[in-house]
Amino acid sequence: MRNQPQDNYIRGVLMIIMSAFCFACMNVCIRFAGDLPSIQKSFFRNLVAAVFAGIIIIKNNHSSEPVSLRIPKEARPALFLRCAFGTVGILCNFYAVDHLLVADASILNKLSPFFAVIFSYFLLKEKILPFQAACIFSAFLGCLFIVKPGFHNAALLPALIGVCGGLGAGIAYTMVRKLGMMKIKGPVIVFYFSLFSCLFVTPWIVMDFAPMTWHQIFTLLLTGLFAAGGQFAITAAYTYAPAKKISIFDYSQIIFAAVLGFALFGEIPDGYSFLGYALVIGASAVMFWYNCRQKLSPSELKKPPA
């Protein structure tokens, strides 16, 4: 009989890699949708996610553990911040994907875990250890190599918007953590966030709707499907194994994004971008290793591998 914890760990790794692949495909679909406004693209992405979350809630309401859409009064501010900053994060990420290399936009969005650590300190009063601070500094140094700040750099503005996308996502994830501590169910958070995002951008779409071809509509629906697939896969991953053991594999999205960007758009990141990738992923790997060791007892650290 196989070891159940080990089997769950493998399932968790496979699911988080599948999630990374889905999100990389989502970014590719954003580019394939053409020169449509980023706001219009985000509407379709969130519309599909809202429908999927709604279906899950309805399905659960027919089970022995129904899910309520009612949000306690004390959780509403956190839910609003999750919705607002999550919407900002998506809009910025979509804009960055349209104007940068797919791999560059993806890595800038992956700064969100570091922003989450920072905002957890200010909003949740969770301490930042010196070691974590060093990793955050390394990640932002890598970010500078990718952004390549300078007035001569035509990609500076979309790169900075990409960083803002990671910042918005970092605050949103901090609020998700807070809502989880308040026992608010994941599908409910996804449903309200997706619905909020759709309603938020609707006035802009009504006032400045860009006509779409059937190909663009199909591509945007695929964007939503890949986004939903990535969301569900990453949720399943964290039910199989704790984040500290598998979160590092989420950075496989950068590899998928670089390969897809080269194969489909002929994109080749420059040397500075590769150095930036190495610093961000390296900082994540070191923090991952550190978190794993912090959770182990001295006797476990000396135990030989099975």
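Worth saying up front: this structure is predicted, and the values here are computed from it rather than measured.

S.K.: So what's going on with unusual backbone geometry? Which residues, and what values?
M.R.: With a phi angle near 70 degrees, Lys 183 is a residue other than glycine that sits in the positive phi range. Mapping Lys 183 onto the fold places it in the loop between helix 7 (156-181) and helix 8 (186-207). On the basis of relative accessible area, Lys 183 is assigned to the exposed category, the value being 70%.

S.K.: So, the pattern of salt bridges: which residues are in play, and what are the values?
M.R.: Between side chains of opposite charge, a pair can form as their charged atoms come close. This model, assessed by the stated rule, comprises two salt bridges. Notably, a salt bridge pairs Arg 31 with Glu 267, separated by 2.7 Å at the nearest N-O pair. Note that Arg 31 is positioned in helix 1 (residues 4-32) and Glu 267 in the loop between helix 11 (252-265) and helix 12 (271-294), a separation of 236 residues in sequence. Comparing Arg 31 with Glu 267 shows no difference in burial state: the two are buried.

S.K.: Which residues make up the nonpolar core, and what values go with them?
M.R.: The biggest cluster of nonpolar side chains holds 53 residues, and the ones touching the most others in it are Ile 107, Leu 108, Leu 111 and Phe 114. Looking at this core element by element, the count peaks at seven residues for helix 3 (residues 76-99). Here Ile 107 is in contact with Ile 146, Tyr 251, Ile 254, Tyr 277, Val 280 and Ile 281, once residues within four sequence places are set aside. Among the nonpolar cores identified, the runner-up in size contains 11 residues, and Phe 43, Phe 44, Cys 198 and Ile 205 belong to it.

S.K.: Explain the side chain of Arg 45 residue by residue, including any values.
M.R.: Of note, Arg 45 is situated in helix 2 (residues 38-61). Residues within four places of Arg 45 in sequence aside, it is in contact with Met 26, Ile 90, Phe 94, Thr 223, Gly 224 and Ala 227.

S.K.: An account of the environment of Val 163 is requested, with residue identities and associated values reported.
M.R.: As for its placement among the helices and strands, Val 163 is situated in helix 7. Judged by its relative accessible area of 15%, Val 163 is buried. Along the backbone, Val 163 and Leu 111 are 52 residues apart, and their C-alpha atoms lie at a distance of 7.4 Å.

S.K.: Summarise the environment of Ala 133; cite the residues concerned and give the values.
M.R.: Among the structural elements, Ala 133 can be located in helix 6 (residues 130-147). Since its relative accessible area comes to 38%, Ala 133 is described here as partly exposed. Note: C-alpha distance between Ala 133 and Phe 114 (19 residues apart in sequence) is 9.3 Å.

S.K.: Could you give an account of the packing of helix 4 (residues 102-109) against helix 11, with specific residues and numbers?
M.R.: Direction vectors running N to C along helix 4 and helix 11 enclose 160 degrees, while the axes themselves pass 8 Å from each other. The angle between helix 4 and helix 11 places the two elements in the roughly antiparallel class. Crossing handedness for the pair helix 4 and helix 11: right-handed. Between helix 4 and helix 11, the contacting residues are Val 102, Ala 103, Ser 106 and Ile 107 on the first element and Gln 253, Ile 254, Ala 257, Ala 258 and Phe 265 on the second. Residues that form the contact of helix 4 with helix 11 fall into these classes: seven nonpolar, two polar and no charged.

S.K.: Please set out the packing of helix 3 against helix 7 residue by residue, giving values where relevant.
M.R.: Any two packed helices are characterised by the angle at which their axes cross and by the distance between the axes. Here helix 3 crosses helix 7 at 155 degrees, and the two axes come no closer than 7 Å. In this view, helix 3 runs roughly antiparallel relative to helix 7, as classed from their interaxial angle. Relative to helix 7, helix 3 is oriented so that their crossing is left-handed.

S.K.: So what about the packing of aromatic side chains? Which residues, and what values?
M.R.: Scanning the entire structure with this criterion turns up 11 aromatic pairs. Here Phe 32 and Phe 265 contribute two aromatic rings whose centre-to-centre distance is 5.2 Å and whose plane-to-plane angle is 50 degrees, an arrangement assigned as tilted. Here Phe 265 lies in helix 11 and Phe 32 lies in helix 1, a separation of 233 residues in the sequence. The class for Phe 32 is partly exposed, based on a relative accessible area of 38%. Three or more aromatic residues link up through ring pairs in this structure, and these residues are Phe 80, Phe 196, Phe 200 and Trp 204.

S.K.: Break down the environment of Leu 100 for me, citing the residues and quoting the values.
M.R.: As for its position among the elements, Leu 100 is in the loop between helix 3 and helix 4. Take Leu 100: its relative accessible area is 9%, and that puts it in the buried class. Residues Leu 100 and Glu 267, 167 residues apart in the sequence, show an inter-C-alpha distance of 9.7 Å. If we ignore the near neighbours within four places in the chain, the residues touching Leu 100 are Arg 31, Ala 105, Leu 108, Ala 155, Pro 158, Ala 159 and Glu 267.

The rules behind each value
Residues numbered from 1 in each chain as written. Predicted model: local features only at pLDDT ≥ 70, side-chain atom pairs only at ≥ 80, totals over all residues. Heavy atoms only, no water. Helix = DSSP H or I, 4+ residues; strand = E, 2+ residues; numbered from the N terminus. Buried < 20%, exposed > 50% of the residue type's maximum accessible area, 1.4 Å probe, protein only. Salt bridge = Lys/Arg side-chain N within 4 Å of Asp/Glu carboxyl O. Core = buried A, V, L, I, M, F, W, Y, C linked by side-chain atoms within 4.5 Å. Contact = heavy atoms within 4.5 Å. Axes fitted to C-alpha atoms, helices over the stretch in contact; angles between N-to-C directions. Parallel < 35°, antiparallel > 145°, perpendicular 65-115°, else oblique. Left-handed = near helix turned anticlockwise from the far one by under 90°. Nonpolar A, V, L, I, M, F, W, Y, C, P; charged D, E, K, R; others polar. Phe/Tyr/Trp six-rings, centres within 6.5 Å; stacked < 30°, edge-to-face > 60°.

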